[in-house]
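Examining the three-dimensional arrangement
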Amino acid sequence: MNGFPHRMRVESVKPKRGSIWSMYKRMFFHVRGQWKLLLIAAISIIAVSLLEFVIPQLSQYTIDRLIPNKRYDLLIWIALGVLVTALLLALFNYLSGIAMASVGQKAVYDLRNQLYSHLQSLDIGFFDRNRTGDLMSRVTSDVGMLQQLVSSGMMSIVTDTFTFAAVAIYMLWMDWQLTLIILATFPFMILTTRFFSKRIRAAFKKIQQSVAEVTNHLQDTLSSIRLMKAFSTEQYETERFADRSSANRQANLDAVKLRAIYEPIIDMLNFAGLAIVLILGAKHVMDGGLTVGTIVAFLAYLRLLQNPIRRFSRTLNTVQQSAAAYERIVEILETKSQVMEKANALELGRVQGHVVFHDVSFAYQPEVPVLEHFDFELLPGKVTAIVGASGAGKSTITHLITRFYDPQQGMITIDGHPLPDIQLQSLRRQMGIVSQDVALLNGTIRDNISYGTPHATDAEIEAAAHAANAHTFITSFPLGYEAQIGERGVKLSGGQKQRISIARAILKDPRLIILDEATSALDTESEKAIQDALVHLLEDRTSLVIAHRLSTIQRADRIYVLDQGKIIEAGTHDSLLAQQGKYKQLYELQFPQKLRDIPAGVVTRGMK
Ligand SMILES: Nc1ncnc2c1ncn2[C@@H]1O[C@H](COP(=O)(O)OP(=O)(O)OP(=O)(O)O)[C@@H](O)[C@H]1O
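Everything quoted here is computed from the prediction, not taken from an experiment. (Residues numbered from 1 in each chain as written. Predicted model: local features only at pLDDT ≥ 70, side-chain atom pairs only at ≥ 80, totals over all residues.)

1. Some thoughts on the overall build of the protein chain
Looking only at helices and strands, one finds 22 helices and 12 strands in the protein chain. The C-alpha radius of gyration computed for the protein chain amounts to 35 Å, which surpasses the reference 25 Å derived for 608 residues by more than 25%, pointing to a less compact arrangement than a globule. Its C-alpha atoms give the protein chain principal-axis dimensions of about 120 × 55 × 50 Å. Residue burial in the protein chain is summarised as follows: out of 608 residues, 33% are buried. Here the contacts in the protein chain between residues at least 6 apart in sequence split such that 82% fall between residues at least 24 apart. (Helix = DSSP H or I, 4+ residues; strand = E, 2+ residues; numbered from the N terminus. Rg over C-alpha atoms; globule rule 2.2 N^0.38 Å. Buried ≥ 20, exposed ≤ 12 C-beta atoms within 10 Å, placed from the backbone. Contact = placed C-beta atoms within 7 Å.)

2. A closer look at the site of the ligand
Around the ligand, 13 residues are found, and the nearest of them are Tyr364, Ser390, Lys394, Ser395 and Thr396. Mapped by element, the contributors of at least two residues to the shell around the ligand are strand E1 (355–365) and helix H12 (394–401). Its residues placed into classes, the shell around the ligand shows three nonpolar, seven polar and three charged. (Near = placed C-beta within 6 Å. Nonpolar A, V, L, I, M, F, W, Y, C, P; charged D, E, K, R; others polar.)

3. Considering the domain arrangement of the protein chain
Interfaces are often sized by the accessible area lost when the parts come together. For the protein chain, the assigned domains read domain 1 (19–333), domain 2 (341–430 + 512–522 + 542–608) and domain 3 (432–509). On a C-alpha basis, the centres of domain 1 and domain 2 stand 58 Å from each other. (Domains from an automatic or database assignment.)

4. Thoughts on the sheet that holds strand E12 (residues 566–571)
Backbone-to-backbone hydrogen bonds join strands into a sheet, with any given pair of strands oriented parallel or antiparallel. Strand order in the open sheet formed by six strands is E6-E9-E10-E3-E11-E12, and the pairing between neighbours is mixed. With one partner strand each, in any of the chains shown, strand E6 (431–434) and E12 form the two edges of the open sheet. Mean inter-strand twist for the sheet, computed between neighbouring axes without regard to direction, equals 20°. Across four bridges, strand E3 (residues 383–388) lies against strand E10 (residues 542–546) in parallel orientation. Note that in E10 the partner of alanine 385 across the bridge is valine 545. (Pairing = 2+ DSSP bridges. Axes fitted to C-alpha atoms, helices over the stretch in contact; angles between N-to-C directions.)

5. Details of the packing of helix H2 (residues 35–51) against helix H4 (residues 72–121)
Remark: H2 packs on H4, axes separated minimally by 8 Å, with the N-to-C direction vectors making an angle of 150°. In terms of their interaxial angle, H2 and H4 are classed as roughly antiparallel. Between H2 and H4 lies a crossing whose hand is left-handed. Between H2, through Leu37, Leu38, Ile40, Ala41, Ser44, Ile45, Ala47, Val48 and Leu51, and H4, the contact on the second element is made entirely by Thr85, Leu88, Leu89, Phe92, Asn93, Leu95, Ser96, Ala99, Met100, Ser102 and Val103. (Parallel < 35°, antiparallel > 145°, perpendicular 65-115°, else oblique. Left-handed = near helix turned anticlockwise from the far one by under 90°.)

6. What to know about unusual backbone geometry
Even without glycine at this site, histidine 373 takes up a positive phi of about 45°. With respect to the secondary-structure elements, histidine 373 resides in strand E2 (residues 368–378). Look at aspartate 415: it is not a glycine, yet its phi comes out positive at around 45°. By the secondary structure assignment, aspartate 415 is in the loop between strand E4 (409–414) and strand E5 (417–418). Judged by the 18 C-beta atoms lying within 10 Å of it, aspartate 415 falls in the partly exposed class.

7. Notes on the environment of asparagine 344
Structurally, asparagine 344 can be placed in the loop between helix H11 (292–333) and E1. We classify asparagine 344 as exposed; it has 7 C-beta atoms within 10 Å. Sequence separation between asparagine 344 and glutamine 423 is 79 residues; the distance between their C-alpha atoms is 8.5 Å.

8. Focus: the nonpolar core
Among the nonpolar cores identified, the biggest contains 66 residues, and Ala385, Ala464, Ala468, Ile502, Ala503 and Ile506 are the most heavily contacted of them. Element by element, the count of residues in this core is highest for helix H17 (residues 494–508), at six residues. Built from parts of two domains, this core gets at least three residues from each of domain 2 (341–430 + 512–522 + 542–608) and domain 3 (432–509). With sequence-adjacent residues up to four places away left out, alanine 385 is seen in contact with Val545, Ala547, Thr552, Ile553, Ala556 and Ile559. (Core = buried A, V, L, I, M, F, W, Y, C linked by C-beta atoms within 7 Å.)

9. Here we look at the environment of glutamine 306
Take glutamine 306: it is sitting in helix H11. Judged by the 24 C-beta atoms lying within 10 Å of it, glutamine 306 falls in the buried class. Put simply, glutamine 306 and aspartate 267 are 39 residues apart on the chain and 9.1 Å apart in space, counted from C-alpha to C-alpha. Dropping the residues within four chain positions of it, glutamine 306 is found in contact with Asn270 and Gly273.

As structure tokens, this is what we get:
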């Protein structure tokens, strides 16, 4: 029994505490296995930090020893030393860069796959509550943001932290008083960084959300481009798009403004440190306490100390941006599916398909009941039809049988097993769904028929197409079963699409067929082809048909008349007509007298 799921808090922009730490923890979790690369990275980073000391040392030596003693002979060795150091620095920087990037990219690859697989595991209700464009932007742009972090940000943070610690220790050893005075500027930097980091992260989260809005709009409008053109709403949509783009522009500007204040403040504090070294250092030199070479080396070390801080302020942007993206990713990863399997769920063998609804109540939204205390039965091996006005709850019944949703109250069983006790995959393997909105994927006709039955042989695929009356039109395409359908492939008519989806269901050979008949009228020939296909589909199976066709209704073993979520009449076609009730009323309304005498299998009209 489920309560109502809460809407995901995508509106919130307040960054959670500790999300950066949690982000690194999760990333670390993903990279544990790659210890060899991590070792290469660590050794390279240490080597880089140590090599950074060499050039200032050589400068100091040149100024203090070589110049006063006019040692021309040693200058070439100094030049060679600088060159070799520079080469080694380049080599180790390259190694650490490549190693960290490989480790990081693997972490992002794992995260993206984990996110996609988690999305797949979520219930349909989750997808009702969240917009596709937003979810897409989380898997693409938000994960991309983390990619940026691991490919550049992560490495510079590790290198910079190590270099900073090594240089600070060496400077303290050289002249602890001067170093302490310089380090006194650092708490200001830390405070400034803390102050800005929260705000920058919130700003970046806003940017990510505005990207999601733009993606949503693109997804909605490009996938309904025909509707837009038919209603001439191009201008209207362009304006709405501009509004969303403008929110994105504003969010970016806000973030840039924050950075534009933060970076100069950090620079000012850096220059203050430089001034301290110049003034106090120069005084020491004048007093004879320090050599000129030492002060030059000290200035170089100060640069080494400040570089990480300056870079850190830039890296901070990447880190904050990633943390904001990471929060949006974690929101999904932490969302639990409302439709769960029990721990020791039953693997369902071949069933009879005896489905029973016991006192089921269901609503998509609180206070809007769709089914209330609903009892219903699908007889094994028989055709059960549901008829009723639009919005009566017919499709909802099929959604509950397939466990797209769980009822809030009551129980549904199949062959006596409550649905939550059954492994979801083994339950859905039993079912073939042919719905009125035929879903075809980009790919060949063969791929579309064998979707969900990937090991089917060519002969089985063709047999299914024959049974669905689709073989003839498929082979009329030059490429036959290899013809592409979808955006850049052949265009299929409504009736052809339906026959492909019937072939797909026949190939799956399920025990239970759920058929949501299309309401659109087809020409007589297509209608006849589909009726014949349906005969093959429903043969020897338990079937639930949302019936809009006269032929299906007449053939049904039992017909339920649904009205506002309640069964008001049940029986066979003839017994229901004899009742002179709602069924007769619907029937007469939808199938006028002149159509009544036409044999089953020819007439088509919606029962709505
Ligand atoms: N995903 C959803 N979220 C919220 N409400 C929904 C959802 N799907 C359907 N409903 C509502 O539930 C009610 C029953 O819908 P359902 O699709 O089951 O009706 P139907 O009888 O199949 O209608 P039709 O013949 O038009 O397809 C309707 O009022 C509909 O607005």
